[in-house]
Amino acid sequence: MLRSLSIATSRMKINCFHQRFFDSFPALQRIQVPAPRETHIWYVMPNEVKNEILLNQYLEILSPSEKETVFQMRDEKLKKRALIARVLVRTTISRYQINSEVSPRSLKFRKNIHGKPEVDWQHSGYHQPLPLHFNISHTSSLIACGVTTYSPIGIDVEEKHRAIKHNILSFARRYLSKHEIQFLSSISDPKAQQQEFIKLWTLKEAYVKALGRGFSGAPFKTFTIRIRDATQPNLGVFSSEASEVEVDPFDDPTLTSNWKFILLELIGSHYAAICTRRDFAAEGKLDPPIKLTVWKTIPFVEDTCVSGTDAIMSISGLP
């Protein structure tokens with residue numbers, strides 16, 4: 001797929017489809033922007049997007065620089081995933097637009113100093129920017145985009161049975177904090193240890209992405225993810241939905257603990273971690289749990305809300 005296209009020939013082919021694409025495909029489902037304590041997740045399975053005409057039409061949504069990035073990739077699977085990821089971001093954000101004349105194709109993006117992308121509302125046709133935040137994560141088999149209002153968001157997805165070439169504890173000693181290493185060392189079963197390592201890694205990725213700094217801007221050794229279990233306080237593993245995740249930063253004053261987490265099992269094969277800023281209500285009380293809504297999508301083809309189904313299994317952070 002996309003194998004026979006060069007940048008020049010793709011433009012000629014796509015121009016032939018352009019008018020038919022936007023005329024024949026249904027409009028994107030419009031969604032009310034998330035409430036301040038609400039998070040939306042949209043995900044797509046790349047292997048389910050098989051139509052070559054659809055993939056070629058997706059290219060028309062991308063900016064020239066995004067197209068160039070896609071075509072520079074030699075591996076066809078990577079090329080396809082990169083294309084779908086960019087289309088997922090553009091179509092997801094456009095669903096929340098009040099001004100329906102602004103299409104996914106006209107959205108503009110910029111990056112912060114650490115490289116985290118954000119919408120450039122000023123150059124996207126909006127005079128009053130929406131308080132919308134997004135973040136994207138992908139594996140070879142799943143791409144997810146998280147959306148919030150007013151709070152930054154970080155999302156990470158990992159395959160539950162991803163291959164880890166190195167010994168878990170050796171790898172952990174290179175990247176994780178002392179507390180996390182001790183936690184993993186206390187787990188004698190190798191399979192259980194690997195699962196807890198992947199969960200920890202997913203949570204830490206979500207945290208640094210919510211900060212907008214990424215791995216290089218907030219090395220994993222500089223903070224600890226702690227698991228508090230209301231039913232088994234001394235165990236320290238994700239054993240029930242009563243588990244709560246906390247972040248414990250060390251001496252870096254730019255790392256804070258004012259964040260809350262959701263950890264999910266997604267479609268039985270992936271872990272998904274979502275990190276958003278914690279709000280404090282009146283009299284110092286913590287705000288209520290996050291409300292989460294999840295959709296499975298193939299942009300312009302189908303949208304299915306999977307909240308409340310077996311596709312979403314809460315591990316921590318949801319009521």
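In what follows, the structure referred to is the one given above.
Presented here is a report on the structure given in the accompanying data block.

Criteria and cut-off values
Residues numbered from 1 in each chain as written. Predicted model: local features only at pLDDT ≥ 70, side-chain atom pairs only at ≥ 80, totals over all residues. Heavy atoms only, no water. Pairing = 2+ DSSP bridges. Helix = DSSP H or I, 4+ residues; strand = E, 2+ residues; numbered from the N terminus. Axes fitted to C-alpha atoms, helices over the stretch in contact; angles between N-to-C directions. Contact = heavy atoms within 4.5 Å. Phe/Tyr/Trp six-rings, centres within 6.5 Å; stacked < 30°, edge-to-face > 60°. Buried < 20%, exposed > 50% of the residue type's maximum accessible area, 1.4 Å probe, protein only. Polar contact = N/O pair within 3.5 Å; in protein donor to acceptor, adjacent residues only side chain to side chain. Core = buried A, V, L, I, M, F, W, Y, C linked by side-chain atoms within 4.5 Å. Arc of directions from axis to C-beta. Salt bridge = Lys/Arg side-chain N within 4 Å of Asp/Glu carboxyl O.

On to the sheet that holds strand β11 (residues 291–298), then. Reading across the sheet, the 5 strands line up as β4-β5-β1-β11-β12 and stay open at both edges, with mixed pairing between neighbours. Of all strands in the sheet, those bounded by a partner on one side alone are β4 (132–138) and β12 (302–305). Each neighbouring strand pair of the sheet contributes to a mean axis angle of 20 degrees, computed without reference to strand direction. For β4 and strand β5 (residues 143–149), the ladder comprises 7 bridges, and the chain directions are antiparallel. Paired with His133 across the strands is Thr148, a residue of β5. Packing of helix α4 (residues 76–94) onto the sheet brings it into contact with β1 (38–44), β4, β5 and β11, and relative to β5 it is tilted by some 25 degrees.

Counted under the stated rule, the structure contains 12 aromatic pairs. Relative to Phe134, the ring of Phe109 lies with its centre 6.0 Å away and its plane at 75 degrees, an arrangement referred to as edge-to-face. With Phe109 in strand β2 (residues 109–111) and Phe134 in strand β4, the pair connects residues that are 25 residues apart, well separated along the chain. Judged by its relative accessible area of 7%, Phe134 is buried. With a centroid separation of 5.8 Å and an interplanar angle of 40 degrees, the aromatic rings of Phe197 and Trp201 are classed as tilted. Taken together, the residues span about one helical turn, with Phe197 and Trp201 both in helix α7 (residues 190–211) at a distance of 4 residues.

Another aspect to go through is the side chain of Thr92. Mapped onto the elements, Thr92 comes out in helix α4. When its relative accessible area of 1% is taken as the criterion, Thr92 is described as buried. Here the side chain of Thr92 touches Leu88 through a polar contact of 2.6 Å, landing on its backbone oxygen. Once residues lying within four places of it in the same chain are set aside, the contact partners of Thr92 are Trp42, Cys145 and Val147.

This part takes up the nonpolar core. The tendency in soluble globular proteins is for nonpolar side chains to be buried as a group. Of all hydrophobic cores here, the largest spans 35 residues; its most connected members are Val49, Tyr58, Leu83, Ile93, Tyr96, Leu132 and Ile143. Elements supplying a minimum of two residues to this core: β1, α2 (52–58), α3 (64–72), α4, β4, β5 and β11. The contacts of Leu132, once residues within four sequence positions are left out, are Pro34, Ile93, Tyr96, Trp121, Val147, Thr148 and Thr149.

Along helix α5 (residues 168–175), the positions that sit buried rather than exposed are Ile168, Leu169, Phe171 and Ala172. Projected onto a plane normal to the axis of α5, the buried residues spread over an arc of 160 degrees and lie on a single side. In this fold, the buried residues of α5 make contact with α6 (178–185) and α7. At the N-terminal boundary of α5, the capping side chain belongs to Asn167, with an oxygen 3.0 Å from the backbone nitrogen of Leu169.

With that settled, consider the pattern of salt bridges. Under the defined criterion, the tally for this structure stands at 13 salt bridges. With a shortest N-O distance of 3.7 Å, Asp120 and Arg110 are connected by a salt bridge. One end of the pair, Asp120, is in the loop between β3 (117–119) and β4; the other, Arg110, is in strand β2, and 10 residues separate them in sequence. Put simply, Arg162 and Glu158 hold a salt bridge, and the shortest N to O gap is 3.1 Å. Among the residues examined, Arg162 registers a relative accessible area of 29% and is labelled partly exposed. Three or more residues are tied together by salt bridges with common partners; here these are Glu60, Lys67 and Arg105.

Phi angles above zero are rare outside glycine, and Tyr150 is one such case at about 70 degrees. Positionally, Tyr150 belongs in the loop between β5 and β6 (153–159). Residue class for Tyr150 comes out exposed when judged on its relative accessible area of 58%. Even without being a glycine, Ile267 presents a positive backbone phi close to 50 degrees. Residue position: Ile267 is located in the loop between β9 (259–266) and β10 (270–277). Here Ile267 falls in the partly exposed class, since its relative accessible area comes to 29%.

Judged by how many residues are buried, β4 sits mostly within the fold: 5 of 7 residues are covered. A loop of 4 residues connects β4 with β5, the two strands running antiparallel in sequence.

All right, on to the sheet that holds β10 then. The strand order β6-β10-β9-β13 describes an open sheet built from 4 strands, whose pairing is antiparallel. The two strands at the open ends of the sheet, each matched to only one other strand, are β6 and β13 (312–316). Neighbour-to-neighbour, the strand axes of the sheet open up by a mean angle of 25 degrees, direction not taken into account. Where β9 meets β10, 8 bridges bridge the pair, whose relative direction is antiparallel. Looking at the pairing, Trp259 lines up with Arg277 of β10.

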